[in-house]
There are 2 protein chains.
Amino acid sequence: MSLKTFYSSHNVRDLTNHMNAHHLLQNLSRDGLHDAHTAIEEAWHACLKQNLSISIERGIPSPAQLQLSQALLAQPLDESYVDDAGNDCRNYGAQQGLTAARELFAPLIDVPAENIIVNGNSSLAMMYDCVSWAVRHGVPGGENPWSDDSQAAFICIVPGYDRHFAICEAFGLRMIAVPMLEDGPDMQVVREACRKYPSVKGIWCVPKYSNPTGTVYSDSVVRELAGMRAAPDFRIFWDNAYCVHPLAGYDRQLADIYAACQQAGNPDRVLAFASTSKMTLPGSGIAAMGASEANIKWWLKHASVRSVGPDKVSQLRQVRFLKNTGTVRTLMEAHRQLLKPKFDLVSTVFEYVLGAQDYVRWTRPEGGYFISLHTLPGTANRIVKLAAQAGVRFARPGSCYPGHLDVQDAQLRIAPSYPDIDELRLALTVIAVSIARATAEKLSRSADA
Amino acid sequence: MSLKTFYSSHNVRDLTNHMNAHHLLQNLSRDGLHDAHTAIEEAWHACLKQNLSISIERGIPSPAQLQLSQALLAQPLDESYVDDAGNDCRNYGAQQGLTAARELFAPLIDVPAENIIVNGNSSLAMMYDCVSWAVRHGVPGGENPWSDDSQAAFICIVPGYDRHFAICEAFGLRMIAVPMLEDGPDMQVVREACRKYPSVKGIWCVPKYSNPTGTVYSDSVVRELAGMRAAPDFRIFWDNAYCVHPLAGYDRQLADIYAACQQAGNPDRVLAFASTSKMTLPGSGIAAMGASEANIKWWLKHASVRSVGPDKVSQLRQVRFLKNTGTVRTLMEAHRQLLKPKFDLVSTVFEYVLGAQDYVRWTRPEGGYFISLHTLPGTANRIVKLAAQAGVRFARPGSCYPGHLDVQDAQLRIAPSYPDIDELRLALTVIAVSIARATAEKLSRSADA
């Protein structure tokens, strides 16, 4: 069945008519629910017939986005392998990364170039290594390795980024879930936890266009994080993965946490990360960490045991391609042009298929790679199963929570970047029908009970 | 002073005449030593006047060697970023590395491609991560993390590679020094230690053209390592850094330890490493680990917490450039042509300046990057200090021993690859004069005592 046939088909039209005519599923009588269920079942079978295989699991750039960085692959370096500082980038050395690469990141993460390390292709790996070294050796200002404290814990804002939580799990660090509010984490809870418990060693933050809620931390949240009372070996893992990744026609401003920490007399508190994975080519981008001099020295000391140094040819390629903040922003605007219609499509399809159903809501982010989907409690797992049956893959339910534990069973993440727009429309329709079906089932069970 | 002037100078000629006329320093009388000392002092001051700044600290390829891989920098990938297996190398994924990259390493480290991981730019980093995960989580076949055993230890063959020992230090692993013999480690000691102490968790091996002695492990040593009794969580870290790096006109054959471990019923015992750092460009090469299926799964499980995946564009570049074992060997022959004269020069200069002095001996390796220099006990530190005064930098004395502890104070490492041949001749002359001076001082003190 073609996309057009599917959309104009009796089944989907019937469903959408039904949804729109009867308004809110949860206001229906038992019989009304039964009728809705029938319409949904029919639409569901139409979905199954599409034989789809589409993933909205992870924030993966599309081939069209990769195409924006083709020049990176074409670029010859055989005549120009020496950087501006005079380093032959082909040989060993420069553990801290090329000066030009550090200068590229400086305005993006608000940290001076001399306080930046550029290393490897993965900011996640830099975070992992920081946790690993902190657990084994401790951090500047701390007297002991984190592993000496059997209660050592991280604050994990929920919903949040599963790979952060996985690092805590790997190192046996306890996770304290703190809810994300409109302008950042619930600071009353964060403050209280850090004040009371010296075992709280860190907090994971995606401060701008947060994964998955799209939240941008307010200036006062940033200031409070920098200035609040906390253990001397407490670290803010400031994962600024989407620092130049707006979806709206403007870019939100994030307060400068590095300066705020210095002003508050806590210069060692923040470790700020970013990478060019979602600017250029994922996997072959470059990653950076900005931090105080003490933290930088600490990192380099441990990194030099692990490896002789980073891939500077890769750094040189990235620097020559990305040039400066202005050219980075131009490139990011081209990404935005490709991504924005996909994010808009979520609301379009959901509103079309589901009508004004207030049991389901989703974020409309101003940037980043994700939409957080909030469903009727007790339906998220079922929605993922239904969508999978029809060939649309979500990340594992609960993955935005420590231990994959979404006690409400009500949150899912949509990553719309990879599929092309037609595939995405199909996937979103399947998801909408899955939501309708899971909701109707749940409500029927409640009505029956 | 030009090189030629320096060499034909009164001072150096005097010294060499003296050395050759008086034969062995250690056979001289007190007065004879005094005369020798005077000639040495004069030569030494001629050295100082050269105002040198030359490093023979580490095995760094020369610019001429880097030039052999210029095509790697020129190579455009914009039309051919999909590998033979159909992967778009520009995007996330392929945690185990590209099939073609694994196939490239397979014949070099004698491990089937499906049992190889290609990841990052540093085999040292892969070793570090293995130790890190073993310490924290344990290894397949082991019941506990290595950290549960406060006596956990590695066998460190001496003289050996300082970066291996530094990893043990970082993880608090004890180091058991075992002497290197002509055909590999002293297996009687290794066997005994592994049989008696289940706390012996690993051994560091550079089995071919060993760092720094140039030793190639004999077939029987390889067989014994594979088959000897050891703890189930014992691992051989087989750092095959110089697997295709002959200096002689032939390449020595190393027995296949992967097969030997399987045959001996210890398939999980070996972790085999290599990289293209010293084939192509150091720092921007690619690294590999070959191991049993259980070890590979173990590695991938932990690596996937640390990072989404490796830089596959870099892997694709390396594979397209290096092609296959045949082309790799052709490239390595070109490296050999550049390196061989530098290694030969060590004997030429030392024999010229020092004459037939049997208090000093050095290895004449058939491959690899190092010469091990063995001096009169109690002189190595002094030689490094003297050479440094004249602008020639060695690695820290004792660095080929765990804890930098060369109790004899008699071993140094020469890495002649980086300086050009004229610089190297000067550096080696300075070293020879430093050896002569330190030896004469030591012998004079003994004669005075």
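These figures come from a predicted structure and were not determined experimentally.

Calculation rules
Residues numbered from 1 in each chain as written. Chains lettered and ligands numbered in written order. Predicted model: local features only at pLDDT ≥ 70, side-chain atom pairs only at ≥ 80, totals over all residues. Heavy atoms only, no water. Helix = DSSP H or I, 4+ residues; strand = E, 2+ residues; numbered from the N terminus. Rg over C-alpha atoms; globule rule 2.2 N^0.38 Å. Areas by Shrake-Rupley, 256 points an atom, 1.4 Å probe, with all protein chains shown as cover. Lys, Arg positive; Asp, Glu negative; His and termini not counted. Charge placed at Lys NZ, Arg CZ, Asp CG, Glu CD. Axes fitted to C-alpha atoms, helices over the stretch in contact; angles between N-to-C directions. Parallel < 35°, antiparallel > 145°, perpendicular 65-115°, else oblique. Left-handed = near helix turned anticlockwise from the far one by under 90°. Contact = heavy atoms within 4.5 Å. Nonpolar A, V, L, I, M, F, W, Y, C, P; charged D, E, K, R; others polar. Least-squares fit on C-alpha atoms with pLDDT ≥ 70 in both. Buried area = accessible area lost by both parts, 1.4 Å probe. Salt bridge = Lys/Arg side-chain N within 4 Å of Asp/Glu carboxyl O. Polar contact = N/O pair within 3.5 Å; in protein donor to acceptor, adjacent residues only side chain to side chain. Disulfide = S-S within 2.5 Å. Buried < 20%, exposed > 50% of the residue type's maximum accessible area, 1.4 Å probe, protein only. Expected span 1.5 Å × (residues − 1).

Enquirer: Could you give an account of the overall build of chain A, with specific residues and numbers?
Expert: Assigned secondary structure in chain A consists of 16 helices and 13 strands. For 449 residues, the compact-globule formula gives about 22 Å, and the C-alpha radius of gyration of chain A, at 24 Å, lands near that figure. Here the C-alpha coordinates of chain A stretch approximately 75 × 55 × 35 Å along the principal axes. In the form shown here, chain A has an accessible surface area of approximately 16500 Å², with 50% of it arising from carbon and sulfur atoms. Computed over 43 positive and 45 negative side-chain charges, the separation of the two mean positions in chain A equals 2 Å.

Enquirer: Can you tell me about the packing of helix 15 (residues 380-389) of chain A against helix 16 (residues 421-448) of chain A, naming the residues and giving the values?
Expert: All names here are of chain A. At a minimum axis distance of 9 Å, the contact between helix 15 and helix 16 shows a crossing angle of 135°. Between helix 15 and helix 16, the angle falls in the class oblique. Of the two possible hands of crossing, helix 15 and helix 16 adopt the one that is right-handed. On the side of helix 15, the interface is formed by R382, I383, L386 and A387, while helix 16 contributes V430, S434, I435, R437, A438 and E441. Here the residues of the contact of helix 15 with helix 16 sort into 6 nonpolar, 1 polar and 3 charged.

Enquirer: Residues and numbers for the relation of the copies chain A and chain B, please.
Expert: Expressed as a screw operation, the relation of chain A to chain B combines 0.0 Å of axial shift with a rotation of 180°, fitting to an RMSD of 0.1 Å. Such a combination of turn and shift is consistent with a two-fold rotation axis. Scanning chain A for the C-alpha nearest the rotation axis identifies A:P76, at a separation of 3.4 Å. Comparing interface residues between copies, 100% of those in chain A also sit at the interface in chain B, which points to an isologous, same-surface contact.

Enquirer: Explain the interface of chain A and chain B residue by residue, including any values.
Expert: Contact with chain A, which involves 54 residues of that partner, is made by 54 residues of chain B. When chain A packs against chain B, close to 4400 Å² is buried across both sides, 50% of that on carbon and sulfur atoms. When the buried surface of chain A facing chain B is broken down by residue, A:R90, A:Y92 and A:R306 rank first, second and third, together holding 18% of it. For the pair chain A and chain B, the interface holds 2 salt bridges. Where chain A touches chain B, the interface holds 22 residue pairs in polar contact (both at pLDDT 80 or more). Every element with two or more residues in the side of chain A that touches chain B is listed here: helix 4 (63-67), helix 5 (70-74), helix 7 (123-137), helix 8 (162-170), helix 12 (293-306) and helix 13 (312-322) of chain A. Among the elements that make up the side of chain A that touches chain B, the one with the highest residue count is helix 7 of chain A (9 residues). Here the residues of the side of chain A that touches chain B are counted per class, giving 27 nonpolar, 17 polar and 10 charged.

Enquirer: An account of the state of the cysteines is needed here, citing residue identities and associated values.
Expert: All names here are of chain A. Applying the stated criterion to the full structure yields 0 disulfides over all chains. Here C130 stays unpaired: no disulfide links it, and the sulfur of C168, its closest cysteine neighbor, is 13 Å away. Note on C130: relative accessible area 1%, which makes it buried. Of all cysteine sulfurs, the one in C205 lies closest to C261, which takes part in no disulfide; the gap is 10 Å.

Enquirer: Tell me about the side chain of A:N91, residues and numbers included.
Expert: Looking at the element boundaries, A:N91 is found in the loop between helix 5 and helix 6 (99-109). Ignoring anything within four residues of it in the chain, the contact list for A:N91 reads A:K312, B:I60, B:P61, B:L66, B:P282 and B:Y418.

Enquirer: Describe helix 16 (residues 421-448) of chain B, naming the residues involved and giving the relevant values.
Expert: Between its first and last C-alpha atoms helix 16 of chain B spans 40 Å; for 28 residues at 1.5 Å apiece the expected length is 40 Å, and the two agree. Here helix 16 of chain B starts with a cap whose side-chain oxygen sits 3.2 Å from the backbone nitrogen of B:D422, and that cap is B:D420.

These results come straight from atomic positions and should not be treated as a statement about function.
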